[in-house]
Amino acid sequence: MSSQDVQHVGKAQGLPSESSSFLKWLVASVIIVALAAGAAIGVRYLPTENPNDTSTLSFPVPKKRAGPPGKIVLDESPTYVFGVMPQRSKGTHTWTFKNGGEGVLELSKGPSTCSCTIANFKSEKDVLVLEPGKSTEINLTWETREFDGKFEKSATINVVGDADRSQVIFAVEGTVKPSMAIMPKERTLSFGDVPNDASRKVSFALASSDMPEFKILTVTSSQPDAFNIETVPLPDDERQQLNWTTMTGGFKVNVELKPSKELGSFNEEIIVTTDHPKVAEIRLSAGGRRSGPVSIVPQVVQMHNIAPADGGVQTLMVIVRNGEDTTLEVLDAPENVKVEIASADLKSGSAVKVRQFRVTVTVPPGTPSGVISGEITLKSNHPRAERLKIPVDISVLSSN
Amino acid sequence: MRRTSSWTAALAVMLCGLVLVVVGCTGKTPPANAIPAQGAGPNEGADATASAPPVSDSKPLANFPDDLAGVLLISGEMVGYTEPCGCTSGQSGGLIRRQTFTELVKSERKWPMALIDLGSLINDPHGPHGGMEQTRIKFDTALKALTMLNYSAIALSPEDLKLGVTDTLMRFLNSLPDDKTAPKIVAANATPTLDDFGTRLKPSVRTAVGTVKLGVTSVLDPAAFAEIKDAEKDVYLKVVPPEDVLPGVLADLEKDTDVQILMVQGPLAMAKRLGLAYPGFDIIVSTSEFVEPKSQPETLHGGKTWLVSVGRKGQYLAAIGLPKDPLKDRIYQRITLNDRYDKFKKRGEPMRKLIHEDFVADLASADVVGTYPKRAYPWNGELTGASYVGAETCKQCHPNTYNRWLSTKHAEAYKPLIEKKREADADCVRCHTTGFEFEGGFASASLTPHLKGNQCENCHGPGSKHAEAPDDKVIRSTIVRSAEDFNKNLRCVACHDEDNAPHGFDFATMWPKVMHSKLDNYDDPKVHQGIKAKP
């Protein structure tokens, strides 16, 4: 407990006047009790547990200053609303921060999510002493850059010397409206898992806040054979759904992934060029996975650092789309890997019927340490998937 | 006199002790960041950011009184940020700090703790990050991490289901231990159709902090589920409107728990709507519009219900102190997982091993860098099929330009991958090598050592055709770059983004540092002969 606390209690003698000796003892008692309490707290938070842990257990403690307290006085609410801002712009707001108390205040910068400057601060670790009656300025700057949408950014000023608070959080908020609004904002067209004999359409939308009549010049992809691309004016109802109520015009671009013999993940790009002077080119990633009639989930048997005494188990699901008559059997597996087809069920959803096989892969307890790699081979009667190979990546720890 | 004095002393000590006891025990005024759990909430729905309380940082959750029953810690929407975002120091977040914080609370405050997570552990696996396989491994790692931290419940989220509904469910099955203490995936309105999945996916869970029993449930937005592009999703998961199930789930939880918690995997408006419709819930956990959440929860029903958000990217936790007496106020504090916890990082050692060693080993084992799906470089005509040749090839005709590049940090870009042991991490490799996402670009340090670092062809495109026909004006005009093009089309920001340039990327400042116009002359006839570059 600090000396200031002791003084506070001592000053709280607005109690009826007593003899001077009583007062002395009272003050002495307060000190004794305070020291005892302080010692108890100190003992409680001494470094404990791991004797090798050399880090101390206390965070930096905001110190209380002796003497009369200062008082933070702000000229306005610590939250400032910028309103609507364009991209690549900078918003700045300045608060006047006055010490309206009788003691000094010490200010330092705490965590912030925006650029924050305090007049007269020389460095991040600097502490500014604010004398009673004096003022300083707190300046928050938020660069919108390529941000799109609502934002809220804050900066914390730590304060020592105010009896009521030890920090003030300044915040700025608003909405960044780009020249070109794009949905999805992440510029990612996610096609998900697509059967390779099927197509799937994903759309994105563009509209401009400062040039509603802009034109799309070209839309191309990094894999022209993979996609059909169609550009249409953005329907009013869809613009409303996107909450682009203050904009007019715009386009909707439909990107259809075509059926393909290719299997596996893809990571392509759609490139849009426009006549907008600020946004000549827009790139969106277009990713997903083409799967065949049979999916194995997960695709790899991966069990790392198996304890030899426990062994390990992983469950796989082999899913055959629209293959109700499919059969499956285990043909081969690496040494020390036991593979069982635990069940075979028919399941149906709104769009598809599946035959699913639950496959259990077991590394028995007592398996010698080392790496097990190779493939599990399953045999099926499906005409497009007679052999299914599942990579195995297993490591068994040493028994020591 | 002496006698009187000693009695006076004793009296004074007793009086003082009594004063301290009274002050200490009956100080009814809660810390300023405590929101009254019962009664009117004066700032209902308002931003209470402004009035920060006095904070003593000498111990974790210093404003929380010692005599709590325990603490509920809420996290969520990590969206792939298992570590502080980006590679720039000074960023907040990360699972190591999360473990450090929980260990500090355990050792320094001795409270029982319960942890719950809103889900969205990963980012869109089809987005431009580490690729699908890396995202899968990260999801497994996140599940292991939350198991290590003794989480009770993780909400089922549409974002996590983007791995593929079956894939996600199988990962719950394989990556979460099959025991009662393991975290449960919670979704009241999503029912798995397989019994296997039912062992991990529950409509609600019960947990406790000390004497306070908690009932936790979650719902996911049916519209978001409908948006997931997976033809088999409803084979394995049946999703119904939250309103169909919440009355029953809430009534069930109210039978034997003291505090009922609803996590809402949907828009903030949905969380508010459900919070207002079902006043029985004491705490509603909502998704966040911002990375940084409000410093105080909103309140509903006159302060009875708290609407809590924890931000995105795993930078914050919400800590709720639960009193032993249910009629007393709960206390709230937002925890920023910043570098103040790094001095205690030994307490996060198990998590460090999981993230910095096991996760990286899994990435290497799966060769996510080597198997990253490539695409063709997006140009047409004569340059179609061009391959990456590396800066050493460019140097043969552009020695001064090469030396200029060599003096930039771009030339050193591969070093941090070695120093931080991230050569197997596709999300990092993407911006620290040349042509990684494109056919013929960086594949691995052993296969394509000439493409380490951020070289000429990341800006100019693959250069083999130009190297072969250096005087072809069409090709030259295609690979030439301008400041205007780079600035307007945000080419630098693809890597120097908000995560990796958190203090801003000022093009006007940075461009002169890499600009290299007309540094070479081409008088030597050899430079016009062309180079057959190695494939």
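Residues numbered from 1 in each chain as written. Chains lettered and ligands numbered in written order. Predicted model: local features only at pLDDT ≥ 70, side-chain atom pairs only at ≥ 80, totals over all residues.

J.: It is not clear to me how the overall build of chain A should be interpreted in this structure. Could you clarify?
T.: Secondary structure summary: chain A contains three helices and 25 strands in total. Burial status across chain A gives 31% buried among its 400 residues. Within chain A, residue pairs in contact and separated by at least 24 positions form 72% of the contacts whose partners lie at least 6 positions apart. (Helix = DSSP H or I, 4+ residues; strand = E, 2+ residues; numbered from the N terminus. Buried ≥ 20, exposed ≤ 12 C-beta atoms within 10 Å, placed from the backbone. Contact = placed C-beta atoms within 7 Å.)

J.: I keep staring at the overall build of chain B and nothing clicks. Help me out?
T.: Counting its regular elements, chain B contains 20 helices and 15 strands. Residue burial in chain B is summarised as follows: out of 535 residues, 50% are buried. For chain B, restricting intrachain contacts to residue pairs at least 6 apart in sequence, the fraction spanning at least 24 positions comes to 71%.

J.: Would you take a moment to explain helix α10 (residues 268-277) of chain B for this structure?
T.: Count 3.6 residues to each turn of an α-helix, and residues three or four apart come out pointing the same way. Residue and element names in this part refer to chain B. Buried within α10 are the following residues: Met 270, Ala 271 and Gly 275. Taken down its axis, α10 places every buried residue within 135° of arc, on the same side. Within α10, the exposed residues directed more than 90 degrees away from the buried face are Ala 269 and Ala 277. (Arc of directions from axis to C-beta.)

J.: Please explain the confidence of the model for chain A as it appears in this structure.
T.: Predicted coordinates in areas of low pLDDT are best not read in detail. Of the residues in chain A, 80% have a pLDDT of 70 or more, and the chain-wide mean is 80. Confidence drops under pLDDT 50 across residues 1-23 of chain A; counting only partners more than four residues distant or on other chains, this segment forms 20 contacts. (pLDDT = per-residue confidence, 0-100.)

J.: Any chance you could explain the nonpolar core here in plain terms?
T.: Generally speaking, nonpolar side chains in soluble globular proteins are found buried as a group. Formed by 140 residues in total, the largest nonpolar core has its most connected members in Val 318 of chain A together with Val 71, Val 186, Ala 187, Ile 261 and Leu 317 of chain B. Apart from residues no more than four positions distant in its own chain, Val 186 of chain B is found in contact with Ala 153, Ile 154, Ala 155, Leu 156, Lys 202, Ser 204, Val 205, Val 216, Thr 217, Ser 218 and Met 263 of chain B. Core analysis: the second largest hydrophobic core is formed by 22 residues, Val 194, Ile 282, Leu 284 and Ala 286 of chain A among them. (Core = buried A, V, L, I, M, F, W, Y, C linked by C-beta atoms within 7 Å.)

J.: Before we go on, may I ask you to explain the pairing of strand β15 (residues 251-257) of chain A in this structure?
T.: Here is the key point about a regular strand: its side chains alternate between the two faces of the sheet. Residues and elements named next belong to chain A. Relative to β15, strand β12 (residues 200-208) runs antiparallel, the two sharing seven bridges. The residue of β15 that forms the bridge with Val 202 is Val 255. Across seven bridges, the pairing between strand β14 (residues 227-233) and β15 is antiparallel. Within the sheet, the bridge partner assigned to Glu 230 lies in β15 and is Asn 254. (Pairing = 2+ DSSP bridges.)

J.: Which parts of the structure should I look at to understand unusual backbone geometry?
T.: In the segment running from Met 183 of chain A into Pro 184 of chain A, the intervening peptide bond is cis, with an omega of 10°. Mapped onto the elements, Pro 184 of chain A comes out in the loop between β10 (180-183) and β11 (188-195). Here the residue pair Val 297 of chain A and Pro 298 of chain A is connected by a cis peptide bond, since its omega of -10° sits within 30 degrees of zero. Of note, Pro 298 of chain A is situated in the loop between β18 (294-297) and β19 (301-306). In this structure, Lys 313 of chain B takes a positive phi of about 75° despite not being glycine. Its place among the elements puts Lys 313 of chain B in the loop between β13 (305-309) and β14 (316-323). For Asp 367 of chain B, which is not glycine, the phi torsion reads 50° and is therefore positive.

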